[in-house]
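Structural description and commentary
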Amino acid sequence: MKVVVQFKDGTLLVQGPENTLASLRDYLVSDERVNGYRAEARHYAAIVTWLHQKRIPYEDEARAFSPVRLTLGQTLKPRDYQQEAISCWQDVNRRGVIVLPTGSGKSFVAQLAIAATERPTLVVVPTIDLMQQWATQLEKAFQLPVGMLGGGSREIEALTVSTYDSAALMVEFIGNRFGLLIVDECHHLPSPTNRQVALMSIAPFRLGLTATPERQDDGEQVIYDLLGPLCFRRDVDEMEGRFLSPYQTEQIELNLDDDEQMSYEMHRQTYINFIRAHQINFSQPGGWARFIGLTSRMPGGREAFNSYLEQRRLARSGRAKFREIWRLFGLHAGERILIFTADNDTAYAIGKRFLLPVLTHHTKAKERKAFLEAFRAGTYPILVTSKVLNEGIDVPEASVGIVVSGSGSTREHVQRLGRILRPREGKQAVLYELVSMGTSESYVSERRRQHRAYQRSH
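Treat the numbers as computed from the prediction; the structure is a model and nothing was measured. (Residues numbered from 1 in each chain as written. Predicted model: local features only at pLDDT ≥ 70, side-chain atom pairs only at ≥ 80, totals over all residues. Heavy atoms only, no water.)

So, about the pairing of strand 7 (residues 121-125). Across the five residues that make up strand 7, a large majority, five, are buried. Pairing geometry for strand 7 and strand 10 (residues 159-163), over five bridges, is parallel. Within strand 10, the residue paired with Val125 across the bridge is Thr163. Where strand 7 meets strand 11 (residues 180-184), four bridges bridge the pair, whose relative direction is parallel. By the bridge assignment for strand 11, Val123 is matched with Ile182. (Buried < 20%, exposed > 50% of the residue type's maximum accessible area, 1.4 Å probe, protein only. Helix = DSSP H or I, 4+ residues; strand = E, 2+ residues; numbered from the N terminus. Pairing = 2+ DSSP bridges.)

Structure follows, in structure tokens:
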């Protein structure tokens, strides 16, 4: 009796002699409904490889793909580190994670992996903008139609790009149609929904791409379990001056105006008094949800929540920051400048004050494209954004970044630095970080600077 391996509902259905399947119990779970066993689809390669090595007869009814000729049409020569990255990935059986800084050509590394593997490929990305960007790049590189899943598109081709959300919805139906799974910005993968994309795919070959795999919840181990080990890494400071622009980072400490400081302390105390009275611990799971719940129903809750918002607004957008922004405009007149904020309100306030274009998640795709093209041409030398340009989107070359406000995320801070490191002859990039002293921003700044890119002297 042969072993039969099938793909069903995002899992593997494995049937065969009990004495044979006993050796696969690390992967299999008994399912009486089908009089057989099930396994997570991600274990397809391990199961089939074992059966082949042991010369056990089996029928592979799971795999719905075959090798396909995928040749790069362009003649770009890989840089040394790109070729080394692909070689390292191939050395770990084409299952692994490559870490490269923003602007260092991660998408070209992915193209090299696709050409080397020659299997139908699913590329998973976080946003619709990135999906469209990847599809355009792949069509140009391979001279083939590229399918898209997301934003109203539902076309599947040998090369297909999907958002995480759409892939999670579709993978139980299409998880057996691709031999190579590429997960861009793979630090998003560990979330309970996103990880289903990797769990329910049979793809024997897997590639994760990111600039910063570290997560505050230590979820990077989930990435390596699902995609393979960290096989190659280069950080920003290692590539500075040769493949990325030389850069400086400067933290500018600013004091709130006297009336702002008084208001900040008053609202901060109201907020702190409330969380202490109710013993709210934000470092514990559910701490923020508990705060929101209590402010909605406890006496003084609405006042505490409004005070939280106001003290945060003052720290993020005090008048001194606007004055400093104006000074930096004069210092870097004629250069392309990106301004980053933590929230839309601050971004729009800066745009209104200085008559600048603003990009947020509310900006329509057509308008966003027009802004970026005008920035590339120099018609708009300055762009303001909240979080839209943090990740993935191909941003035209800029030499100055001004972080007006942000989260405590190291990843976010490194991504923002990467936005100004596209190399150009004679360029010296500089990232300014504006910090309101005497506020919680000092602590937030300290947290987000815990990365080697900020630990060297200049």
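On to the packing of helix 4 (residues 106-117) against helix 5 (residues 128-142), then. For the pair helix 4 and helix 5, interaxial distance at closest approach is 11 Å and the crossing angle is 50°. Taken together, the axes of helix 4 and helix 5 are oblique relative to one another. The element helix 4 and its partner helix 5 pack so that their crossing is right-handed. Together, Ser107, Ala110, Gln111, Ile114 and Ala115 of helix 4 and Trp134, Gln137, Leu138, Ala141 and Phe142 of helix 5 make up the contact between the two elements. (Axes fitted to C-alpha atoms, helices over the stretch in contact; angles between N-to-C directions. Parallel < 35°, antiparallel > 145°, perpendicular 65-115°, else oblique. Left-handed = near helix turned anticlockwise from the far one by under 90°. Contact = heavy atoms within 4.5 Å.)

The next point concerns the sheet that holds strand 2 (residues 11-15). Pairing is mixed across the open sheet formed by five strands, whose spatial order is 3-4-2-1-5. The strands lining the two open edges of the sheet, one partner per strand, are strand 3 (29-31) and strand 5 (58-61). Strand-to-strand, the axes of this sheet are offset by a mean angle of 30°, without reference to chain direction. Sheet topology note: the strand 2/strand 4 (residues 36-40) ladder contains four bridges and is antiparallel. Directly across from Val14, in strand 4, lies its bridge partner Tyr37. Each of strand 1 (3-8), strand 2, strand 4 and strand 5 is contacted by helix 2 (residues 44-53), which is oriented at about 155° to strand 5, the strand it contacts most.

Tracing the backbone shows Thr341 in the loop between strand 15 (337-340) and helix 14 (344-354). Those residues in contact with Thr341, other than ones at most four positions away along the chain, are Thr346, Ala347, Ile350, Thr385, Ser386, Lys387, Val404, Ser405 and Arg416.

Moving on, we come to a nonpolar patch on the surface. Among the surface-exposed residues, Phe282, Trp288 and Ile292 lie close enough to one another that they form a single nonpolar patch of about 260 Å² accessible area. You can see Ile292 is positioned in helix 11 (residues 287-297). Given a relative accessible area of 33%, Ile292 falls into the partly exposed group. (Patch = residues over 30% accessible without salt bridge, like charges linked within 9 Å, V, L, I, M, F, W, Y side chains within 5 Å. Areas by Shrake-Rupley, 256 points an atom, 1.4 Å probe, with all protein chains shown as cover. Salt bridge = Lys/Arg side-chain N within 4 Å of Asp/Glu carboxyl O.)

A few words now on the pairing of strand 19 (residues 429-437). Within strand 19, eight of the nine residues are buried, which leaves it mostly tucked inside the rest of the structure. Bridge count between strand 14 (residues 247-255) and strand 19: nine bridges; the pairing is parallel. In the strand pairing of strand 19, Glu253 is matched with Val435. Of the strand pairs in this sheet, strand 18 (residues 400-403) and strand 19 are connected by four bridges, and their pairing is parallel. Bridging from a neighbouring strand, Ile402 pairs with Tyr432 of strand 19. Once the chain exits strand 18 it traverses helix 16 (residues 410-418) before rejoining the sheet at strand 19, and the crossover so formed is right-handed. (Right-handed = clockwise from strand over helix to strand, strands pointing away.)

In this section: helix 2. Looking only at helix 2, the buried set comprises Tyr44, Ala45, Ile47, Val48, Trp50 and Leu51. Summarising the contacts, the buried residues of helix 2 are in contact with strand 1, strand 2, helix 1 (18-21), strand 4, strand 5 and strand 6 (95-99). Arg55 lies just past helix 2 and shows a positive phi near 55°.

Following the criterion strictly, the structure yields 15 aromatic pairs and no others. Note on Phe274 and Phe291: the rings are 6.2 Å apart at their centroids and 75° apart in plane angle, and the pair reads as edge-to-face. Separated by 17 residues along the polypeptide, Phe274 in helix 10 (residues 258-277) and Phe291 in helix 11 bring together distant segments of the chain. Of the two residues examined, Phe274 and Phe291, each falls in the buried class. Here the aromatic rings of Trp288 and Phe291 are separated by 5.3 Å at their centres, their planes lie at 40°, and the arrangement is tilted. Here Phe291 and Trp288 lie together in helix 11, a separation of three residues that amounts to about one turn. Trp288 sits in the partly exposed class, given a relative accessible area of 39%. A relative accessible area of 0% means that Phe291 is categorised as buried. Here the aromatic cluster, defined as three or more aromatic residues joined through ring pairs, consists of Tyr271, Phe274, Phe282, Trp288, Phe291, Phe305 and Tyr308. One cation-aromatic arrangement involves Arg63 over Phe65; the distance from NZ or CZ to the ring centre is 5.6 Å. Taking the ring centre of Phe205 as reference, the NZ or CZ of Arg94 above it sits at 6.0 Å. (Phe/Tyr/Trp six-rings, centres within 6.5 Å; stacked < 30°, edge-to-face > 60°. Lys NZ or Arg CZ within 6 Å of the ring centre and 35° of its normal.)

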